[in-house]
Amino acid sequence: MTKHIPVLLGAILQELGDLNGRHILDATFGAGGYTRAFLNAGASVVAFDRDPNVIVDADAIKQEFGDKFRFISAPFSEMSRLTETFDAIVFDLGISSMQIDVPERGFSFRGDAPLDMRMSGAGQTAADLIAQSSVATLAKILRDYGDVSRANVLARAMVQSKPQTTFELKNLIYNPRDVAPVFQALRIAVNDEMGELRRALDAVPNLLKVGGKCLAVTFHSIEDRIVKNTFRDWSSVPGNPLIPVAADAEYKMLRVATPDAIELEQNPRSRSAHLRGVQKSY
Ligand SMILES: C[S@@+](CC[C@H](N)C(=O)[O-])C[C@H]1O[C@@H](n2cnc3c(N)ncnc32)[C@H](O)[C@@H]1O
């Protein structure tokens, strides 16, 4: 299995500066690449991941760092339940190399496997979603999350034939260029990725210390727009009554970073990544 190479970690560490004694929320533990770097730099870390397969890696880090690390096996929208505050809250969105590389999880169209795509392993699979959706709902998912051409025609074919495996789905897709976008669109819908992101961002203002930063690495244009617009809303209207923070909080947008040529060459998965950030100034 390919090892997951953390994306834009250098830019994140540069943005966060001295981490010694800082308290960080890593919303997307994955292979623990970010978490380990924060811990090595002297921070304490609370990490979320809803994929139970990462618990072994989290346990290994716990063995090494003890009380400085806490892992919560849950969707990151549940950060709203936390009562502590953080110097930084970091999201590295999307899926990990480990999730793509295990064919039985159904994220990839390179091998034939059940059409699953659930990060948490619980709830509705991609095959269930197709079987239970109307043509209109499915077409909207394909258009909104995959920009798929002739989405209605494909959605109708999917609803009629109810694919159960990745290859059954792939064989329905007429235009080869649509294969990756169709798989991406279904994955986003199955895991309610945009709903999760919106709910977690709603919780961030209450969890950030003054001077604290929220950083997000995005890979998809819709999640990038959600992050950008949310950070912009916070920073453009100080004391915005829609934001559940003390009225004297003010936010400053941070510069956007993208991978440089070296990172792009070493890690093609970083291709569409954007790092966005905002700082709670006072
Ligand atoms: C790109 S990987 C993170 C990689 C990590 N930064 C590293 O360096 O190893 C994304 C991880 O976030 C998790 N994830 C995605 N959406 C989530 C959500 N809503 N709640 C909890 N975990 C989520 C996935 O299961 C996956 O393990």
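That block above? That's the structure.
Please read these numbers as outputs of a predicted model, since none were measured by experiment. (Residues numbered from 1 in each chain as written. Predicted model: local features only at pLDDT ≥ 70, side-chain atom pairs only at ≥ 80, totals over all residues. Heavy atoms only, no water.)

Student: I keep staring at helix α2 (residues 33–40) and nothing clicks. Help me out?
Tutor: The α-helix winds at 3.6 residues per turn, so residues separated by three or four positions along the chain end up facing the same way. Every buried residue belonging to α2 is among Y34, T35, A37, F38 and L39, and all of these are buried. Within two residues after α2, G42 carries a phi angle of roughly 100°, on the positive side. (Buried < 20%, exposed > 50% of the residue type's maximum accessible area, 1.4 Å probe, protein only. Helix = DSSP H or I, 4+ residues; strand = E, 2+ residues; numbered from the N terminus.)

Student: What exactly am I supposed to notice about the sheet that holds strand β2 (residues 44–48) here?
Tutor: The strands making up a sheet associate through backbone hydrogen bonding, with each pair oriented either parallel or antiparallel. Across the sheet, which stays open at both edges, the seven strands sit in the order β3-β2-β1-β4-β5-β7-β6 with mixed pairing between neighbours. The outermost strands of the open sheet, each flanked by one partner alone, are β3 (69–72) and β6 (251–253). Strand-to-strand twist of the sheet, defined as the mean angle between neighbouring strand axes without regard to direction, takes the value 15°. Sheet analysis places β6 next to strand β7 (residues 274–280), joined by three bridges and oriented antiparallel. The residue bridging Y251 from the neighbouring strand is K280, located in β7. Packed on one face of the sheet, helix α11 (residues 221–236) meets β5 (208–218), β6 and β7 and runs near 20° to β7. (Pairing = 2+ DSSP bridges. Axes fitted to C-alpha atoms, helices over the stretch in contact; angles between N-to-C directions. Contact = heavy atoms within 4.5 Å.)

Student: What is the right way to read the pattern of salt bridges from this model?
Tutor: Any two side chains of opposite charge can pair, given that their charged atoms come close. Here the structure, examined in full by the defined rule, presents 13 salt bridges. We note a salt bridge from D192 to R199, for which the minimum N-O separation is 3.1 Å. D192 gets classed as partly exposed once you look at its relative accessible area, which sits at 36%. Relative accessible area serves as the criterion here: at 40%, R199 is assigned to the partly exposed category. (Salt bridge = Lys/Arg side-chain N within 4 Å of Asp/Glu carboxyl O.)

Student: What exactly am I supposed to notice about the layout of surface pockets here?
Tutor: Leftover empty space is mapped by rolling, across the atoms, a probe with the size of a water molecule. Counted as a void, the largest pocket has a volume near 840 Å³. Taken together, 28 residues make up the lining of the largest pocket; nearest its centre are I100, A180, Q184, R187 and R271. Where the lining of the largest pocket is concerned, the elements lending two or more residues are α6 (135–146), α9 (179–190) and α11. (1 Å grid on protein atoms, 1.4 Å probe; cavity = no way out; pocket = protein on both sides within 12 Å on 5 of 7 lines; lining within 4 Å. Points joined across faces, edges and corners; volume = space filled by probe spheres on them.)

Student: Please clarify how the environment of G66 should be interpreted in this entry.
Tutor: Secondary-structure assignment places G66 in the loop between α3 (55–65) and β3. For the pair G66 and S44, spaced 22 residues apart in sequence, the C-alpha separation works out to 9.9 Å.

Student: Please clarify how helix α7 (residues 151–161) should be interpreted in this entry.
Tutor: Taken together, the buried positions of α7 are A151, L154, A155, M158 and V159. Projected down its long axis, α7 shows its buried positions confined to an angular sector of 135°, all on one face. Of the residues flanking the end of α7, it is K162, one or two places downstream, whose phi is positive at about 45°. (Arc of directions from axis to C-beta.)

Student: I keep staring at empty space enclosed by the protein and nothing clicks. Help me out?
Tutor: The final tally for this structure, using the stated rule, is two cavities of 30 Å³ or more. In this structure, the largest cavity encloses a volume near 400 Å³. Sorting the residues of the lining of the largest cavity by element identifies α2 and α10 (193–207) as the ones contributing at least two each. Its residues assigned to classes, the lining of the largest cavity shows 14 nonpolar, eight polar and nine charged. Volume-wise, the second largest cavity comes out at about 40 Å³. Lining the second largest cavity, in full, are K228, F231, M253, L254, V256, R276 and G277. Residue assignment for the lining of the second largest cavity shows that the elements contributing at least two residues are α11 and β7. Across the lining of the second largest cavity, the residue classes break down as four nonpolar, one polar and two charged. (Nonpolar A, V, L, I, M, F, W, Y, C, P; charged D, E, K, R; others polar.)

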